[in-house]
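# A structural walkthrough
Below are the chains, spelled out letter by letter.
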Amino acid sequence: MTNHHQWAATPPLGWNSWDCYGAAVTEEEVRGNAQYMAEHLKAYGWDYIVVDIQWYEPGAISSAYRPYVPLEMDAFSRLLPAVNRFPSAADGQGFKPLADYVHSLGLKFGIHIMRGIPRQAVHADTPLLGTNASARSIAKTWNGAICKWNTDMYGVDPAREGAQAYYDSLFELYASWGVDYIKVDDIAASLLYGIQLDEIQMIRKAIDTCGRPMVLSLSPGPAPLEFAEELKTHANLWRMTDDFWDIWRLLYAMFERCEKWAPHVGAGNWPDCDMLPLGHIGIRSVDGGASDRWTRFTKDEQQTMMTLWAIFRSPLMFGGELRDNDAWTLSLLTNEEVLDVLRNGRDARQLYRENERVVWTSNGTGGVRYVALFNTGDEVQSVTVTSSQLGTPTLGSVRDLWQRKELGSPDELSFTLEPHASMLLKLSL
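Residues numbered from 1 in each chain as written. Predicted model: local features only at pLDDT ≥ 70, side-chain atom pairs only at ≥ 80, totals over all residues. Heavy atoms only, no water.

Under an unreviewed UniProt entry, the name given to the protein chain is Alpha-galactosidase, and the source organism is Paenibacillus plantarum. A UniProt comment under Sequence similarities (unreviewed entry) is attached to the protein chain, and it reads "Belongs to the glycosyl hydrolase 27 family." UniProt's Catalytic activity (unreviewed entry) comment on the protein chain is quoted here verbatim: "Hydrolysis of terminal, non-reducing alpha-D-galactose residues in alpha-D-galactosides, including galactose oligosaccharides, galactomannans and galactolipids." (UniProt positions renumbered as here; feature names shortened; annotations may be inferred.)

The next subject is the packing of aromatic side chains. By the definition in use, this model includes 17 aromatic pairs. On the basis of an interplanar angle of 40° and a centroid distance of 5.9 Å, the ring pair of Y65 and W149 is categorised as tilted. Taken together, the residues Y65 in the loop between β2 (48–51) and α4 (96–104) and W149 in the loop between β5 (139–140) and β6 (153–156) connect sequence positions 84 residues apart. Plain terms: the ring middles of F255 and F374 are 4.9 Å apart, the flat faces sit at 80° to each other, and that makes the pair edge-to-face. Remark: F374 occurs in strand β16 (residues 368–375) and F255 occurs in helix α10 (residues 248–261); sequence separation between them is 119 residues. Taking the relative accessible area as the measure of exposure, F255 reaches 0% and is therefore buried. Above the ring of Y101, the side-chain terminus of R31 is found at 4.6 Å from the ring centroid. (Phe/Tyr/Trp six-rings, centres within 6.5 Å; stacked < 30°, edge-to-face > 60°. Helix = DSSP H or I, 4+ residues; strand = E, 2+ residues; numbered from the N terminus. Buried < 20%, exposed > 50% of the residue type's maximum accessible area, 1.4 Å probe, protein only. Lys NZ or Arg CZ within 6 Å of the ring centre and 35° of its normal.)

Volume-wise, the largest pocket comes out at about 400 Å³. Lining of the largest pocket is provided by 24 residues; of these, W149, P220, R239, D242 and D243 occupy positions nearest its centre. Mapped onto the lining of the largest pocket, the elements with two or more residues apiece are α2 (18–21) and β7 (181–185). Looking at side-chain class alone, the lining of the largest pocket contains 11 nonpolar, four polar and nine charged residues. (1 Å grid on protein atoms, 1.4 Å probe; cavity = no way out; pocket = protein on both sides within 12 Å on 5 of 7 lines; lining within 4 Å. Points joined across faces, edges and corners; volume = space filled by probe spheres on them. Nonpolar A, V, L, I, M, F, W, Y, C, P; charged D, E, K, R; others polar.)

Counting 129 residues, the largest nonpolar core has I117, F171, Y174 and W360 as its most contacted members. Residue contributions to this core peak at nine residues, all from helix α7 (residues 163–177). Once residues lying within four places of it in the same chain are set aside, the contact partners of Y174 are I111, I113, V179, I182 and M214. If you look at the next biggest cluster of nonpolar residues, it comprises 17 residues, including V359, L390, M423 and L425. (Core = buried A, V, L, I, M, F, W, Y, C linked by side-chain atoms within 4.5 Å. Contact = heavy atoms within 4.5 Å.)

Below, the structure is given as structure tokens:
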């Protein structure tokens, strides 16, 4: 296992600013969520604080990207935090003061970037650090290299002299800030042009030579399954879906995605179901429907999402404003027994899917089996699992992990579930 796989030996758990604040998050909001995480979630393994897209745009408005506006940038074509939104970045300090604060809480700091080089750097043909090449000489400015939903960047042509030096300079800057996690967008499945493998390879090399461990997350999805081995080689996690929101049909579709990607889940390699649209979301985000709301998922749907993410072993990135969490939302994030399935389950697979009844299973340690039962239909129905289906002589003793309750040693698992509801069981054989 290479070093970068060790940096995410289990699925990362954290908070990302996107679902609640879109592109318009401020330093005060990041610090506040970090403080909440340190006080309420760190003990359960949650430790990443990630600033999502356009932190370099002074006038960012949710996800309604303003085209071709001035961005904050240094003399070497590298974007910097907008000081009006991140005051501690003044005087060229970048994200270091904010990262230092996050680290002081015992947490880790991450940022989102778009692949490529700023268009304003290309148009001004500004210098690059570590090379005589300039911004214009390394840019892909033709149609297939330009992001279709955000105007900030051009792609970078790896065949051009100075291309790798540019990416190296980016990650040297991020290392100097103390960045622990990088989410790179428009790269795993660029909207119209597919995976951008050449830039993924340059980014991997730049991280490996920057002198600081950084977990690499690739977006958006769906990442192409035929590139699974390349994704596992170069990244720690990659989106297997487009933006995921609190809409049942999107959660329903995730079952099939998880089934396809399950063979590729492993230490340091995490197919990513995307963020958890839980709690108070949409505060300044225009995506996913009406703004400034609490999640539209029912409680059963919220638990179903957490159950699927846990047994499949997806990274968990909470999208809501943490400081507004109610007791129910907090309980979803702090169930140690469910989180143990996420961390220690192995060889997860779909056992069967029939008439909107879905069952998943994975292996624990010391003779433990985990079983997740789902009713993905719109009517109440029973979901049943037998020991023969699981390939075990008995079911052993059974524990309901969400209810934290022992269920005895039944001859079969058979439960009546409400529409869109689920159970997560631990079998001690």
